[in-house]
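Summary of structural features
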Amino acid sequence: MSYYSDVYLKRINKDGTTRQDRIKTKKEREFNEIFLKRSMY
């Protein structure tokens, strides 16, 4: 129960623990925020 395990690791790993997970979640977030906002539906 330290700052490192409770807060730091959760912030660092919020998008994924591996590089591929981080890239995938970044692409999903960009798609949702950029493309879907411009869509009519």
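In what follows, the structure referred to is the one given above.
Described below are features of the structure shown in this document. In this text, all values refer to a predicted model and were calculated from it rather than measured experimentally.

Let us now look at the pattern of salt bridges. In the structure shown here, the tally under the stated rule is one salt bridge. Its salt-bridge partner being Asp15, residue Arg29 comes within 2.6 Å of it at the nearest N-O pair. Taken together, the positions of Arg29 in helix α2 (residues 19–38) and Asp15 in the loop between α1 (3–12) and α2 put the pair 14 residues apart, joining distant regions of the chain.

This next bit is on the packing of aromatic side chains. Two measures describe an aromatic ring pair: the distance that separates the ring centres and the angle between the ring planes. Applying the stated rule across the entire model yields two aromatic pairs. Between Tyr4 and Tyr8, the aromatic rings sit 5.4 Å apart at their centres with planes inclined by 25 degrees, giving stacked as the arrangement. Here the residue Tyr4 and the residue Tyr8 both occupy positions in helix α1, the gap between them amounting to four residues, near one helical turn. Ring geometry for Phe31 and Phe35: centres 5.1 Å apart, planes at 25 degrees, overall stacked. Taken together, the residues Phe31 and Phe35, both in helix α2 and four residues apart, mark about one turn of the helix. Take Phe35: its relative accessible area is 49%, and that puts it in the partly exposed class.

The rules behind these values
Residues numbered from 1 in each chain as written. Predicted model: local features only at pLDDT ≥ 70, side-chain atom pairs only at ≥ 80, totals over all residues. Heavy atoms only, no water. Salt bridge = Lys/Arg side-chain N within 4 Å of Asp/Glu carboxyl O. Helix = DSSP H or I, 4+ residues; strand = E, 2+ residues; numbered from the N terminus. Phe/Tyr/Trp six-rings, centres within 6.5 Å; stacked < 30°, edge-to-face > 60°. Buried < 20%, exposed > 50% of the residue type's maximum accessible area, 1.4 Å probe, protein only.

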